[in-house]
Structures are given as C-alpha cells and as structure tokens.
Amino acid sequence: MNDDVRDILLGLIAAALSAGVGWSARTYLWRRRLRRKQAFFGLPTGCDCLFVVNRQMGGKESSVHRNDAFALLEISALIKDCGANVQIVTHDEARQGFGDRAEFCVGGPSSNTRTVAHLASMLPGVRVNTGADPVPDRGAIQVGGETYRWEPGQAEYVLLARLKGGEGGRPVFLLSGQTAVSNQAAARYLARHHERLARKHGSDPFCLLLKVVNSQAYGPDVSELTADVTRAALTPAAAAA
C-alpha cells in the first residue's frame, strides 16, 4: 500500500467516525428534548390525551369558531411530536375527572363549561365577567386585584395555565381567552415557548396572562406576556383580600 492510498483510507475512516459521532450526538440531543417535551406536556409515547373544544359564541351549540379550530391544529402538532393520541370532545360532553391523562381545554367560561369547572377548582383567584350586557367590564378578567378589560380588536386577554390535580398527576392546559383570536394566540405562544416555560416552571403549575395587540390588523400573531399571575390565581379571592 503506497502512501497516497493509505492517506485516502485514513481520511475515509476519520470522516466515517466523525459522521457517526455527530449523528449519535444529534440523536442524543433530539431524544433528550423529546423527553423534556413529553414530561412538560404529560404525553409519553403512545398515551392518550383529551382536547376539549368550546362552542362558538352566538353560533349553534355544536359549532366551533374558526380560530378555535386553528388553536386545535397548533396543539395537535405538539401532541403528534410527542407520539401521543388525542381524543376531541365538546365541552358539554367532557363529563370526567382530570389527572389520569393530559388535557387541553380551550375557550373562556362564556363558551366552555369545562373551563368554568377548572377555574372554580384550580384557579380560585380568577374571576371572569360572563354577563351578556354591553358594559365596560363585559368579559373582563379579574386577578391579583387587577381588572383586564376586553377592548374588541385592540386589546384581548387570555389566561394560559398549566395545572395539576387528580390521582394521575397529568397536567391540564387551560387556554381561557376573551375571544377566539386570543385562544389561538395562547396556543401559538405555548407551541413557541414551551421549552422556556419548562425550564422556568418545571413540573409546577403556572398561570400567565397574555395580551393580544390589535387583532383587527394582526390577528393572533402579535401577543405579549402581560403578567405571571400564578400566585394570585392559585389563591382564593377571599383569602387574597
């Protein structure tokens, strides 16, 4: 074997070893990220989860707003990435407990009776004005001594919460917005920032208040974190007062 052939063989071996190490490293990092995502969402491979949809305000009982359907698509992508299966039910058919499997509940208390139950049992410090009268506080969210009023098309608020309870310990993700656009914005925020949320909160519950800015022009694309209201939301309003 002359020197040229030997150099070529050594180069091929080095390239193969380098490619193998690189592939192993990428596979390890991908699997670690997947495990963290599955742990955060409570979605191990092959498990089942529940997606509770609300009804469209002003529509038929079984109708779903287009933006809420888009929120379903945003979250379904996360569920698929985790290798889990999803069961979709309407809010009035979800007569079951929580904790045995992960749950994603979309819609405010005016359109989702499941949200009403979750707010009462797991976020006792939150109050939402569900009255139909055209008053300034219609749809307003009250938490931590502050009132966040709905300004149609300009400022729309949504609660994004990760809650835990029940014997199984699987989380409930609650997306309770003043509008369907804000529900979709919360789903998009969760999809984009779940890694940061997992690093910050771990397996602990959290409740964030997001604000959708000028939805008439930007739809659900422009949202901002208004406040982390976890402590106030988890504390009964009477005790906080």
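Taking an unreviewed UniProt entry as the reference, the protein is identified by name as Secreted protein belonging to Streptomyces venezuelae.

(A) Geometry of helix 4 (residues 180-201). If you check helix 4, its first and last C-alpha atoms are just 26 Å apart, much less than what 22 residues at 1.5 Å a residue would give, namely 32 Å. If you look at helix 4, its biggest bend is around 70°, right at His193. Remark: Gly202 follows helix 4 within two positions and exhibits a positive phi of approximately 60°.

(B) Representation of the pattern of salt bridges within the structure. Per the stated rule, a full pass over the model turns up seven salt bridges. A salt bridge links Arg33 to Glu195, with the nearest nitrogen and oxygen atoms 2.6 Å apart. Highlighted residues: Arg33 in helix 1 (residues 3-41) and Glu195 in helix 4, separated in sequence by 162 residues. On the basis of relative accessibility, which here comes to 34%, the residue Glu195 falls in the partly exposed class. With a closest N to O distance of 4.0 Å, Asp228 and Lys200 form a salt bridge.

(C) Quick look at the sheet that holds strand 5 (residues 141-143). Taken together, three strands build an open sheet; the order of strands is 4-5-6 and the sheet is antiparallel. On the outer flanks of this sheet lie strand 4 (127-128) and strand 6 (146-148), each paired with one strand and no other. Bridge count for strand 4 against strand 5 is two bridges, and the pairing is antiparallel. What sits directly across from Arg127, in strand 5, is Gln142.

(D) Up close: the sheet that holds strand 7 (residues 155-164). Spatially, the seven strands line up as an open sheet ordered 2-1-3-8-7-9-10, and their pairing is mixed. Each edge of the open sheet carries a strand with a single partner, namely strand 2 (85-90) and strand 10 (223-228). Along the sheet, successive strands turn relative to each other by an average axial angle of 20°, direction set aside. Sheet analysis places strand 1 (residues 48-53) next to strand 3 (residues 103-106), joined by three bridges and oriented parallel. The residue of strand 3 that forms the bridge with Val52 is Cys105. Strands in contact with helix 2 (residues 66-81) are strand 1, strand 2, strand 3 and strand 8 (171-177); relative to strand 3, the strand with the most contacts, it is inclined by about 165°. Packing against the sheet, helix 4 makes contact with strand 3, strand 7, strand 8, strand 9 (206-213) and strand 10, and its axis sits at approximately 135° to strand 9.

(E) Highlighting the packing of helix 2 against helix 4. With their axes 8 Å apart at the nearest point, helix 2 and helix 4 run at an angle of 15° to one another. By the angle between their axes, helix 2 is roughly parallel relative to helix 4. For the element pair helix 2 and helix 4, the recorded crossing hand is left-handed. Together, Asn67, Asp68, Phe70, Ala71, Glu74, Ile75 and Leu78 of helix 2 and Ala180, Val181, Asn183, Gln184, Ala187, Arg188, Leu190, Ala191 and His194 of helix 4 make up the contact between the two elements. Each residue belonging to the contact of helix 2 with helix 4 can be placed in one class, and the counts come to nine nonpolar, four polar and three charged.

What counts, and at which threshold
Residues numbered from 1 in each chain as written. Predicted model: local features only at pLDDT ≥ 70, side-chain atom pairs only at ≥ 80, totals over all residues. Heavy atoms only, no water. Helix = DSSP H or I, 4+ residues; strand = E, 2+ residues; numbered from the N terminus. Expected span 1.5 Å × (residues − 1). Bend = angle between axes of the 7 residues up to and from the residue. Salt bridge = Lys/Arg side-chain N within 4 Å of Asp/Glu carboxyl O. Buried < 20%, exposed > 50% of the residue type's maximum accessible area, 1.4 Å probe, protein only. Pairing = 2+ DSSP bridges. Axes fitted to C-alpha atoms, helices over the stretch in contact; angles between N-to-C directions. Contact = heavy atoms within 4.5 Å. Parallel < 35°, antiparallel > 145°, perpendicular 65-115°, else oblique. Left-handed = near helix turned anticlockwise from the far one by under 90°. Nonpolar A, V, L, I, M, F, W, Y, C, P; charged D, E, K, R; others polar.

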